[in-house]
Amino acid sequence: MKIAVASDHGGFALKEKVKEHLIERGFDVEDLGTHSEESVDYPVYGKVCGEAVASGKADLGVVVCGTGIGISIAANKVKGIRCGLCTSVEMAHLTKQHNNANILALGGRTTEPELALKIVDEWLDTEFEGGRHQRRVDMLDQM
Ligand code: RB5
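Keep in mind that this is a model prediction, so the values were computed, not measured.

Visitor: Describe the side chain of R82, listing the residues and the values that go with them.
Guide: Along the chain, R82 falls in the loop between α3 (69–76) and β4 (83–85). A distance of 3.1 Å separates a polar side-chain atom of R82 from the backbone oxygen of N99. Other than its neighbours up to four places away in sequence, R82 contacts N76, N99, N100, A101, N102, I103, V137, L140 and D141.

See the structure below:
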């Protein structure tokens, strides 16, 4: 499985940790930038990750900015993307189980790395429940 990762400068440090963790877990990781803490614009990186997942070049994505808010808004503007911003393990579980989120957003300045990696694992290891949630996800994808 291929996972695309992307961040702005505010999410760079956490994106690097997430990337290392995903590689350790055996995933094929594509790093779409940014590659330093030099200031960049989060919409660019949310869009590029959204497009990678929507086009099928990557199966899933993880995006990180300072809060996770801006980059999740950007990713969600790409048709077919369901990006869930998570600040707890429970949210990570539910955004896969109910929303079938294909991109996870994290806040590099708001979520401690140890918790962020638990959130990543919970999201990856949870199955989408389907059923009534499939209909709602289909509604999202038609917007
Ligand atoms: C960049 O300073 C900051 O605005 C950005 O990382 C993010 O938090 C936006 O939502």
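Visitor: I'd like a rundown of unusual backbone geometry, residues and numbers included.
Guide: Here G33 and T34 are connected by a cis peptide whose omega angle stands at 0°. Within the element layout of this structure, T34 appears in the loop between β2 (28–31) and α2 (42–54). Although it is not a glycine, N100 sits at a positive phi angle of roughly 50°. Tracing the sequence through the fold places N100 in the loop between α4 (89–97) and β5 (103–107). A relative accessible area of 23% places N100 in the partly exposed class.

Visitor: Would you mind going over the site of the ligand in detail, with residue names and values included?
Guide: Every residue near the ligand is listed here: D8, H9, Y42, C65, G66, T67, G70 and R109. Interatomic distance of 2.6 Å between a side-chain N/O atom of D8 and an oxygen atom of the ligand. Considering the ligand on its own, with 300 Å² of exposed area, one finds that the protein chains cover 71% of that surface. Looking at side-chain class alone, the shell around the ligand contains two nonpolar, four polar and two charged residues.

Visitor: Tell me about the pattern of salt bridges, and name the residues and values.
Guide: Summed over the entire model, instances satisfying the criterion amount to 11 salt bridges. Between D121 and R25 there is a salt bridge, with its nearest N and O atoms 2.8 Å apart. In this pair, D121 sits in helix α5 (residues 113–125) while R25 sits in the loop between α1 (12–24) and β2, placing the two residues 96 residues apart along the sequence. Residue classification places R25 among the partly exposed positions, given a relative accessible area of 33%. Notably, a salt bridge pairs E114 with K118, separated by 3.8 Å at the nearest N-O pair. Of this pair, E114 and K118 both sit in helix α5, four residues apart, which is roughly one turn of the helix.

Visitor: I'd like a description of the nonpolar core, backed by residues and values.
Guide: Formed by 20 residues in total, the largest nonpolar core has its most connected members in L22, V62, L106, W123 and L124. Elements supplying a minimum of two residues to this core: β1 (2–7), α1, β3 (60–65), β5 and α5. Examining the composition of this core, we find that five residues originate from one element, α5, more than from any other. When sequence neighbours within four positions are dropped, the list of residues in contact with W123 reads L60, G61, V62, A92, T95, K96, A101, N102, I103 and L104. Core analysis: the next-biggest nonpolar cluster, separate from the first, contains 16 residues, V53, A75, I81 and A105 among them.

Visitor: I'd like a rundown of α1, residues and numbers included.
Guide: Look at α1: 18 Å from first C-alpha to last across 13 residues, which is about the 18 Å you get at 1.5 Å a residue. Every buried residue belonging to α1 is among F12, L14, K15, V18, K19, H21 and L22, and all of these are buried. In this structure, the buried side of α1 is in contact with β1, β2, β3, β5 and α5. Positive backbone phi, at 95°, marks G26, one or two positions downstream of α1.

Cut-offs used in this document
- Residues numbered from 1 in each chain as written.
- Predicted model: local features only at pLDDT ≥ 70, side-chain atom pairs only at ≥ 80, totals over all residues.
- Heavy atoms only, no water.
- Helix = DSSP H or I, 4+ residues; strand = E, 2+ residues; numbered from the N terminus.
- Polar contact = N/O pair within 3.5 Å; in protein donor to acceptor, adjacent residues only side chain to side chain.
- Contact = heavy atoms within 4.5 Å.
- Buried < 20%, exposed > 50% of the residue type's maximum accessible area, 1.4 Å probe, protein only.
- Near = heavy atom within 4 Å.
- Areas by Shrake-Rupley, 256 points an atom, 1.4 Å probe, with all protein chains shown as cover.
- Nonpolar A, V, L, I, M, F, W, Y, C, P; charged D, E, K, R; others polar.
- Salt bridge = Lys/Arg side-chain N within 4 Å of Asp/Glu carboxyl O.
- Core = buried A, V, L, I, M, F, W, Y, C linked by side-chain atoms within 4.5 Å.
- Expected span 1.5 Å × (residues − 1).

In short, shape yes, function no, at least from these values alone.
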